[in-house]
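Results of the structural survey
The chain contents come next:
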Amino acid sequence: MQPAEESILHFSSHRNRNDLSAALKLMWCRRLACLLSVPCQHTRHRLLGPSCGRRTFTAAVARWHHTAPESLSCAWQLHGDHLELRYADTLMRFDFVWLRDHCRSASCYNAKTNQRSLDTASVDLSIKPKAVRVDETTLFLTWPDGHVTRYGLQWLVKNSYEGQKQQVMHPRILWNAEIYRQAQVPSVDCQSFLETDEGLKEFLQNFLLYGIAFVENVTPTKEDTQILAERISLIRETIYGRMWYFTSDFSRGDTAYTKLALDRHTDTTYFQEPCGIQVFHCLKHEGTGGRTLLVDGFYAAEQVLRQAPDQFELLSKVPLKHEYIENVGDCHNHMIGVGPVLNVYPWNNELYLIRYNNYDRAVINTVPYDVVNRWYTAHRTLTTELRRPENELWVKLKPGKALFIDNWRVLHGREAFTGYRQLCGCYLTRDDVLNTARLLGLQA
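Rules of the game
- Residues numbered from 1 in each chain as written.
- Predicted model: local features only at pLDDT ≥ 70, side-chain atom pairs only at ≥ 80, totals over all residues.
- Heavy atoms only, no water.
- UniProt positions renumbered as here; feature names shortened; annotations may be inferred.
- Buried < 20%, exposed > 50% of the residue type's maximum accessible area, 1.4 Å probe, protein only.
- Helix = DSSP H or I, 4+ residues; strand = E, 2+ residues; numbered from the N terminus.
- Pairing = 2+ DSSP bridges.
- Axes fitted to C-alpha atoms, helices over the stretch in contact; angles between N-to-C directions.
- Phe/Tyr/Trp six-rings, centres within 6.5 Å; stacked < 30°, edge-to-face > 60°.
- Lys NZ or Arg CZ within 6 Å of the ring centre and 35° of its normal.

Looking at an unreviewed UniProt entry, one finds the protein named Trimethyllysine dioxygenase, mitochondrial and attributed to Gallus gallus. Comment text from UniProt for the protein, heading Catalytic activity (unreviewed entry), reads "N(6),N(6),N(6)-trimethyl-L-lysine + 2-oxoglutarate + O2 = (3S)-3-hydroxy-N(6),N(6),N(6)-trimethyl-L-lysine + succinate + CO2". Looking at the Subcellular location (unreviewed entry) heading of the UniProt record, one finds this comment for the protein: "Mitochondrion matrix".

Our focus in this paragraph is the pairing of strand E5 (residues 82-87). Every regular strand shows the same layout, with side chains that alternate between the two sheet faces. Within E5, 6 of the 6 residues are buried, which leaves it mostly tucked inside the rest of the structure. Of the two faces of E5, the one holding His82, Glu84 and Arg86 and the one holding Leu83, Leu85 and Tyr87 are both buried throughout. Here 6 bridges tie E5 to strand E6 (residues 90-95), and the two strands are oriented antiparallel to one another. Bridge pairing links Tyr87 to Thr90 in E6. As consecutive antiparallel partners, E5 and E6 are separated by 2 residues, and within that stretch Ala88 has a phi angle of approximately 50°, a positive value.

Let's shift gears to the sheet that holds strand E16 (residues 262-265). One open sheet holds the 4 strands; their spatial order is E16-E25-E18-E23, and the pairing between them is antiparallel. Looking at which strands have only one partner, the edges of the open sheet turn out to be E16 and strand E23 (393-395). Shown here is a sheet whose adjacent strand axes are inclined to one another by a mean of 20°, direction ignored. Strand direction decides the pairing type here: E16 and strand E25 (residues 410-414), joined by 2 bridges, are antiparallel. Along E25, the bridge assignment pairs His265 with His412.

In this section: the packing of aromatic side chains. All told, the structure shown has 19 aromatic pairs when counted by the stated rule. Their ring planes at 35° and their centres at 5.2 Å tell us that Phe94 and Trp98 sit as a pair that is tilted. In this structure Phe94 comes out as buried when scored by relative accessible area, which is 3%. Using a relative accessible area of 24% as the deciding quantity, one classes Trp98 as partly exposed. Their ring planes at 15° and their centres at 5.4 Å tell us that Tyr151 and Trp155 sit as a pair that is stacked. Residue class for Trp155 comes out partly exposed when judged on its relative accessible area of 27%. The aromatic ring of Tyr109 is capped on one face by Arg104, whose charged end is 4.0 Å from the ring centroid. It is Arg421 that lies over the ring of Phe417; its NZ or CZ is 5.3 Å from the centre.

Printed below as a string of structure tokens:
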């Protein structure tokens with residue numbers, strides 16, 4: 001790009017029209033000088049012209065085009081294999097195949113089913129547009145076979161790689177104990193939750209933002225807890241069944257089935273896809289202790305990212321095995337799940353899943369020796385954040401108060417207890433919970 005052209009593209013609205021006119025004259029003078037130099041045939045290439053669509057010969061440097069000389073809101077230029085587009089303060093690059101594949105015309109996309117009709121495998125991988133035109137709101141591409149593709153510029157900003165890097169897939173409020181208490185997040189009454197969309201929507205909004213949500217005045221039975229859970233999702237069948245009772249009888253080969261304290265952890269890290277949501281409902285407790293511990297794993301991970309981004313990256317890339325080995329009574333299981341502690345979307349580094357369970361982490365044999373010590377250092381940094389007292393939210397579960405936990409985000413644990421303590425609960429399929437939220441108009 002010529003220096004004068006670059007100054008035009010970054011022209012600020014507070015400059016006067018005379019400055020703009022002078023800059024435009026300088027740009028066109030440079031272009032004219034370039035054309036008069038008459039480059040050799042090998043350095044010439046065709047570029048599509050401005051909005052009129054005429055072809056012009058120019059030097060090897062790609063030309064920027066504007067929707068109109070007076071409008072600098074949109075500018076574009078063609079390259080050998082992609083289109084470069086500047087719009088709404090975003091510089092975007094689109095591969096030609098991508099532009100053909102995502103055509104929303106009636107012959108390429110079924111608007112009724114929201115599904116692609118175009119056979120992607122039929123698109124020439126070296127395809128290039130025959131003509132390009134951009135007006136104030138729309139990009140028009142004419143392909144070699146005469147087919148015309150139209151894209152709204154706002155749609156392109158939203159769906160471009162560069163645009164997605166600036167977006168958040170799942171809006172959240174990260175919290176420690178004080179932040180959560182000050183937010184005074186309300187519980188939702190069971191009747192409102194079950195019988196009204198308003199109550200359900202309030203519950204789901206709390207859950208999506210904080211990763212935990214409570215429902216009050218639930219009849220303390222397994223059957224009523226099941227009705228509660230099925231209001232928002234299908235119940236996920238696992239090796240523990242659908243709805244389970246949870247006591248300290250050591251009926252399963254798991255520390256949870258004791259009276260011992262449990263350190264903070266996420267569940268089912270030994271699944272290839274850990275369970276998305278966990279439901280707890282204390283039906284009875286005749287004794288002391290047993291408070292539930294909740295920690296926002298994403299808040300702790302955010303502190304690691306700020307303090308030691310290289311350690312955050314290591315925790316997001318090193319694959320680990322988690323396993324569950326059980327041989328108790330008729331229960332014989334050997335489950336293995338593989339994945340990093342922190343799982344992020346690669347285009348914007350947004351965290352969406354944390355696997356943290358020191359009980360179930362298997363032998364580390366998936367990385368070379370020179371990475372192991374650095375991983376332990378990073379893991380220690382994260383553990384330190386997770387164990388900070390200010391990050392611990394302690395809740396006393398009681399009959400009638402059901403707790404929903406985002407198992408991909410919030411770690412839970414408990415203090416040791418005495419006496420008889422019985423909980424029931426289940427795991428929910430994450431996709432169904434998010435689907436319910438979207439149907440109510442929430443971003444999920």
